[in-house]
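Structure assessment
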Protein chains: 2
Amino acid sequence: MSRVGSCITVYASRHGKLLSFLAFMKRIYLDYAASTPVDEEVLKAMLPYFSETYGNPSSVHAFGQDAQSAVDTARAKTAAALGCLSQEIIFTGSATEANNLALIGVAEEALKKRKNIHIISSRVEHESVLEPLSYLEKERGASVTYLPVTSGGFVRPEDVQNALREDTALVSIMYANNEVGTIQPIAEIANVIRAHNKKFRVFFHTDAAQAASYLPLAVAQLGVDLMTLSGHKMYGPKGVGALYIKKGTPVAPLVHGGGQEYGKRSGTENVPAVVGFAAALERAVAHREEAAGQAEALRNYFIAQITARIPDTRLNGSRENRLPNNANILFPGANAAELIVALDMEGIAVSAGSACQSKALAESHVLSAIGLSKKDAKSSLRFSFGNYTTKEDLDAVLDILVKLEKKFRVK
Amino acid sequence: MSRVGSCITVYASRHGKLLSFLAFMKRIYLDYAASTPVDEEVLKAMLPYFSETYGNPSSVHAFGQDAQSAVDTARAKTAAALGCLSQEIIFTGSATEANNLALIGVAEEALKKRKNIHIISSRVEHESVLEPLSYLEKERGASVTYLPVTSGGFVRPEDVQNALREDTALVSIMYANNEVGTIQPIAEIANVIRAHNKKFRVFFHTDAAQAASYLPLAVAQLGVDLMTLSGHKMYGPKGVGALYIKKGTPVAPLVHGGGQEYGKRSGTENVPAVVGFAAALERAVAHREEAAGQAEALRNYFIAQITARIPDTRLNGSRENRLPNNANILFPGANAAELIVALDMEGIAVSAGSACQSKALAESHVLSAIGLSKKDAKSSLRFSFGNYTTKEDLDAVLDILVKLEKKFRVK
């Protein structure tokens, strides 16, 4: 059991009455940025591929070809959503794996041709970008520039321009931030990179895991060479991600074997998961404006209410060019970790930063990068809204927050 | 669409009447070694984790902890089936990934300490072992010895002993072969390795993907340091594998990020898939003897019938120490590829070798290793039986084989 899990257990046993109450109360989930439930229609699309159409897509016979056909269709749908070719889509086991494949894959190919490579990224990337970059620095001798961001959370295209070097092989800047929702100027950065291209081609990767439900995904308009998507961040299943790899972008595989996924990711295809991924992406694209409008209205209401009702609270990160479903709020003087546990006891799920780092006790590197003090970073909560969030949910959460926040304010 | 897929389409359009007939006839699946349907109970165990318990296991709140608890339980069940500690189980996205993690992970750790490493494997391994070994040879300077096998398909423990060197870092020998079902003397090989250990510790990995439904999996009795399992080969879901890593075995991760799976495989856990994996493994262990007895009876009947009814056919590989559900049959003079397509048109699914290589046109490296000529290797079919195979299925297949085999015999 996790460290934090044990904390909650201890807390729970001290509050036995609350616990038995928990089972009966309505739970409210405001952590859609960490994971989303699989959409009912998506699950329905997946179901036949567990026990009915169960062949191995690599098999020659009809059982195998039925499975292969499902994978082909899922790939074509995904490509259509991105405006690219089917063979430019590689399905992976997670967005983390897709990020690793993009970064390590491009770096390894560049390292075959030259000894030194340089990579540009930012200080607000997800761990699944920062950690492979750290691996490339430590184990493969890569040099990495981590660009700062503005107080709003934005990477400046001119900073990318200034950081580009003769030996730059790759730029990786996320599309939308998982903690504060900042939408980066991807197309502008792409233009800067295109204008630079000198001796070696510079490839541009973006992690779009948080973007899929709300932002346009046409890769040609974005101008990227590689783009990561995640199933479970867009009402699709866990255990599946995708990497768009523009034709002609050399990427070495991380996993070797039967040569599936155009030799870039061997292993029997996860048929139900890729079917679910494509169905979720198709739905996301079809309902994008509606979902964005709904999320934005809820978010604006929430921000207005919270800043009005709880003194000194404020929004972290820019309000403009922000994911419509993200509100990252500073509660000055409050202990966010305690507040999360207290909210959890009331059946309300929020987080302090990315799920992947929520078990660590360090303050958020994203909030530090946008200029928050250690203390303020540890007094901030991320509320992320989704398809099933209602105004009534938010009103209930606001009432409880008003009540709890005083208790956990450390002056 | 795949090359072979197009072949079938061409074949199908030439036999239009057969195709329309296909939809109505009973299909018979004899390719359980390629993939198995998800067991009904296993799917039932998975279902709540798509849209109900959908939290990210890394999240602190109850939604996350419910998911974490499901992963913890799945890990504990898997460990119990193997007789090891929970923290010795790493869930991956496939058995291919688990094999890669074992081989590349151990090799990379050894390469941190010394410049040259030697690895011992065999000529009958699966592509997901041979390909990462080839990568380690070409890209990381490893030296690999591929041991020959007997005509029965067995690696000789004394060959392992003779191959061990001062710089050997790793031995990887599969538990049971995917093409001819040979069960390797894993415990004996482990003893040889243990007796050798000199300057550097030699780690022993086995790919047990094909073994889980029929063979004992207690890692202490097998004497292995690393063992690969596959979900979809044992009536569990695709998209999930596991690697047993004995405590104290240094393994570098392939995928870096949030630090899930004890830092060995980052990425949000595929909760429904690991729940399904553990449920499938638990079922496999509980029903092992029954399943083995049933499969063996069917297989023996099939072999007896086929060798009696079709002149000159014979079993490839040893009959002793063979997976109870595997029959690899040589049809001298027949073209296996054509026979597979013709059987497929009759609704019968069999294969020529591993699914992962079935789209390649080369003859099986396993059949070559046990001494078959190119021609005989291309005249062999793998029949693999499973939980839903009946004697009636086999009788139907035998009748059709008798009829078809003459047609496709090239003298």
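Since the model is a prediction, treat every value here as computed from it, not as a measurement. (Residues numbered from 1 in each chain as written. Chains lettered and ligands numbered in written order. Predicted model: local features only at pLDDT ≥ 70, side-chain atom pairs only at ≥ 80, totals over all residues. Heavy atoms only, no water.)

Quick notes on the overall build of chain A
- The number of helices and strands found in chain A is 16 helices and 12 strands.
- Since a compact globule built from 411 residues should have a radius of gyration of about 22 Å, the 22 Å found for chain A is in line with a globular shape.
- For chain A, the C-alpha atoms occupy an extent of roughly 60 × 55 × 40 Å along the three principal directions.
- Within chain A, the fraction of its 411 residues that count as buried is 65%.
- Considering only intrachain contacts with a sequence separation of at least 6, the fraction spanning at least 24 residues in chain A is 74%.
- Of the roughly 14,800 Å² that chain A leaves accessible, carbon and sulfur atoms contribute 53%.
- The centroid of the 45 positive side-chain charges in chain A is displaced by 5 Å from the centroid of its 42 negative side-chain charges. (Helix = DSSP H or I, 4+ residues; strand = E, 2+ residues; numbered from the N terminus. Rg over C-alpha atoms; globule rule 2.2 N^0.38 Å. Buried < 20%, exposed > 50% of the residue type's maximum accessible area, 1.4 Å probe, protein only. Contact = heavy atoms within 4.5 Å. Areas by Shrake-Rupley, 256 points an atom, 1.4 Å probe, with all protein chains shown as cover. Lys, Arg positive; Asp, Glu negative; His and termini not counted. Charge placed at Lys NZ, Arg CZ, Asp CG, Glu CD.)

Some thoughts on the pattern of salt bridges
All names here are of chain A.
- Evaluated as defined, the whole model comprises 36 salt bridges over all chains.
- Note that Lys44 is salt-bridged to Glu41, the shortest N-O span being 3.8 Å. Taken as a pair, Lys44 and Glu41 lie in helix H3 (residues 40-46) at a separation of three residues, close to a single helical turn.
- Taking the relative accessible area as the measure of exposure, Glu41 reaches 43% and is therefore partly exposed. (Salt bridge = Lys/Arg side-chain N within 4 Å of Asp/Glu carboxyl O.)

Considering the nonpolar core
- Ranked by size, the top nonpolar core spans 156 residues in total, and within it Leu82 of chain A together with Leu82 of chain B carry the most contacts.
- Leu103 and Phe203 of chain A together with Leu136 and Phe203 of chain B belong to the second largest nonpolar core, which has 52 residues in total. (Core = buried A, V, L, I, M, F, W, Y, C linked by side-chain atoms within 4.5 Å.)

Some thoughts on the relation of the copies chain B and chain A
- Structural alignment of chain B on chain A gives an RMSD of 0.0 Å, achieved by rotating through 180° and translating 0.0 Å along the axis. In the structure described here, the two chain copies are related by an operation that fits a two-fold rotation axis. If distances are taken from each C-alpha of chain B to the rotation axis, the shortest is found for Gly93 of chain B, at 2.7 Å.
- Looking at chain B, 100% of its interface residues are interface residues in chain A too, so the copies touch through the same face. (Least-squares fit on C-alpha atoms with pLDDT ≥ 70 in both.)

Things to note about the domain arrangement of chain A
All names here are of chain A.
- Domain assignment breaks chain A into domain 1 (3-30 + 288-408) and domain 2 (40-286).
- Summarising the inter-unit geometry, the C-alpha centres of domain 1 and domain 2 are found 29 Å apart.
- Each side of the interface is counted separately: domain 1 has 31 residues, and domain 2 has 31 residues.
- A buried area of about 2,400 Å², summed over both sides, lies between domain 1 and domain 2, and 56% of it is on carbon and sulfur atoms.
- Scanning the region where domain 1 abuts domain 2 turns up zero salt bridges. (Domains from an automatic or database assignment. Buried area = accessible area lost by both parts, 1.4 Å probe.)

Concerning the interface of chain B and chain A
- With 73 residues of chain B at the interface, the matching set in chain A holds 73 residues.
- Here chain B meets chain A over a buried area of about 5,900 Å², counting both sides, of which 60% is carbon and sulfur.
- Considering only the surface of chain B that becomes buried against chain A, Val60, Lys238 and His256 of chain B emerge as the three largest contributors, covering 12% of it.
- Summed over the shared surface of chain B and chain A, the number is four salt bridges.
- A salt bridge links Glu139 of chain A to Lys112 of chain B, with the shortest nitrogen-to-oxygen separation between them at 3.8 Å.

Regarding the packing of helix H13 (residues 336-345) of chain A against helix H16 (residues 391-407) of chain A
All names here are of chain A.
- Two elements in contact, H13 and H16, have axes separated by 11 Å at closest approach and are oriented at 135°. Judged by the inter-axis angle, H13 sits oblique to H16. Helix-helix and strand crossings are classified by hand; for H13 and H16 the assignment is right-handed. In contact with Leu339, Ala342 and Leu343 of H13, H16 contributes Ile400, Leu401, Leu404 and Glu405.
- Partitioned by chemical class, the residues of the contact of H13 with H16 number six nonpolar, no polar and one charged. (Axes fitted to C-alpha atoms, helices over the stretch in contact; angles between N-to-C directions. Parallel < 35°, antiparallel > 145°, perpendicular 65-115°, else oblique. Left-handed = near helix turned anticlockwise from the far one by under 90°. Nonpolar A, V, L, I, M, F, W, Y, C, P; charged D, E, K, R; others polar.)

Comments concerning helix H11 (residues 271-286) of chain A
- Over its 16 residues, H11 of chain A extends 23 Å from the first C-alpha to the last, a length consistent with the 22 Å expected when each residue adds 1.5 Å.
- Considered for burial, the residues of H11 of chain A that qualify are Val271, Pro272, Ala273, Val274, Val275, Gly276, Phe277, Ala278, Ala279, Ala280, Leu281 and Ala284 of chain A. (Expected span 1.5 Å × (residues − 1).)

What to know about the pairing of strand E7 (residues 226-230) of chain A
Residue and element names in this part refer to chain A.
- For E7, the buried fraction is high: five of the five residues fall into the buried class.
- Side-chain alternation along E7 places Leu226, Thr228 and Ser230 on one buried face and Met227 and Leu229 on a second face that is also buried.
- Sheet analysis places strand E6 (residues 203-207) next to E7, joined by three bridges and oriented parallel. Following the sheet pairing, Asp207 is matched in E7 by Thr228.
- Examined bridge by bridge, E7 and strand E8 (residues 241-245) share five bridges and lie antiparallel to one another. The residue bridging Leu226 from the neighbouring strand is Ile245, located in E8. (Pairing = 2+ DSSP bridges.)

Looking at the packing of aromatic side chains
- Taken as a whole and assessed by the stated rule, the structure comprises 21 aromatic pairs over all chains.
- Between Tyr54 of chain B and Phe63 of chain B the ring centres are 5.8 Å apart and the planes differ by 45°, which places this aromatic pair in the tilted class. For the pair Tyr54 of chain B and Phe63 of chain B, one class covers both residues: buried.
- Pairing Phe331 of chain B with Phe383 of chain B gives two aromatic rings, centres 6.3 Å apart and planes at 55°, and the pair type is tilted. Pair noted here: Phe331 of chain B is in the loop between strand E10 (326-330) and helix H13 (336-345) and Phe383 of chain B is in strand E12 (residues 380-384), with a separation of 52 residues, a long-range link. The burial state of Phe331 of chain B is the same as that of Phe383 of chain B; both residues are buried.
- One aromatic cluster is present, formed by Tyr29, Tyr32, Tyr235 and Tyr388 of chain A together with Tyr54 and Phe63 of chain B through successive ring pairs.
- For Arg114 of chain A, the ring lying beneath its charged end belongs to Phe200 of chain A, and the centroid distance is 3.7 Å. (Phe/Tyr/Trp six-rings, centres within 6.5 Å; stacked < 30°, edge-to-face > 60°. Lys NZ or Arg CZ within 6 Å of the ring centre and 35° of its normal.)

A word on H16 of chain A
Residue and element names in this part refer to chain A.
- Given a rise of 1.5 Å per residue, 17 residues ought to cover 24 Å, and the 25 Å separating the end C-alpha atoms of H16 matches this to within 8%.
- Taking the largest bend as the criterion, H16 deviates by roughly 25°, centred on Leu401.
- Within the sequence span of H16, burial applies to Asp393, Leu394, Val397, Leu398, Ile400, Leu401, Leu404 and Glu405.
- The elements touched by buried residues of H16 are strand E1 (28-29), helix H12 (288-309), H13, strand E11 (348-349) and strand E12 (380-384). (Bend = angle between axes of the 7 residues up to and from the residue.)

Things to note about the pairing of strand E2 (residues 89-92) of chain B
Residue and element names in this part refer to chain B.
- Of the two faces of E2, the one holding Ile89 and Phe91 and the one holding Ile90 and Thr92 are both buried throughout.
- When E2 meets strand E8 (residues 241-245), the two strands line up antiparallel, connected through four bridges. Residue pairing for E8: Phe91 is matched across the bridge by Ala242.

A closer look at the sheet that holds strand E9 (residues 314-315) of chain B
All names here are of chain B.
- In space, the three strands of this open sheet follow the order E9-E10-E12, with antiparallel pairing throughout. Every other strand in the sheet has two partners, leaving E9 and E12 as the edge strands with one partner each.
- Pairing geometry for E9 and E10, over two bridges, is antiparallel. By the bridge assignment, Arg314 is partnered in E10 with Leu330.

Some points on the side chain of Asp225 of chain A
Residues and elements named next belong to chain A.
- One can find Asp225 in the loop between helix H10 (219-222) and E7.
- Of the polar contacts made by the side chain of Asp225, one reaches the side chain of Arg201; its length is 2.8 Å.
- If we skip the residues at most four places from it in the chain, Asp225 touches Arg201, Val202, Phe203, Phe204, Tyr244, Ile245, Lys246 and Thr249. (Polar contact = N/O pair within 3.5 Å; in protein donor to acceptor, adjacent residues only side chain to side chain.)

A word on the sheet that holds strand E10 (residues 326-330) of chain A
- In spatial order, the strands read E9-E10-E12 (chain A); together these three strands make up an open sheet with antiparallel pairing. The sheet terminates laterally at strand E9 (314-315) and E12 of chain A, the two strands that pair on one side only.

Observations concerning the confidence of the model for chain A
Residue and element names in this part refer to chain A.
- Of all residues in chain A, 91% have pLDDT values of 70 or greater, and the mean over the chain is 92.
- Scored below 50 in pLDDT, residues 1-23 shows 24 contacts in the model against residues more than four places distant or in partner chains.
- Both confidence scores are given for the complex: pTM 0.93, ipTM 0.93. (pLDDT = per-residue confidence, 0-100.)

Things to note about unusual backbone geometry
Residue and element names in this part refer to chain A.
- With a phi close to 55°, Tyr262 is a non-glycine residue in the positive phi region.
- Looking at the secondary structure, you find Tyr262 in the loop between E8 and H11.
- On the basis of relative accessibility, which here comes to 46%, the residue Tyr262 falls in the partly exposed class.
- For Asn321, which is not glycine, the phi torsion reads 50° and is therefore positive.
- Residue placement: Asn321 occurs in the loop between E9 and E10.

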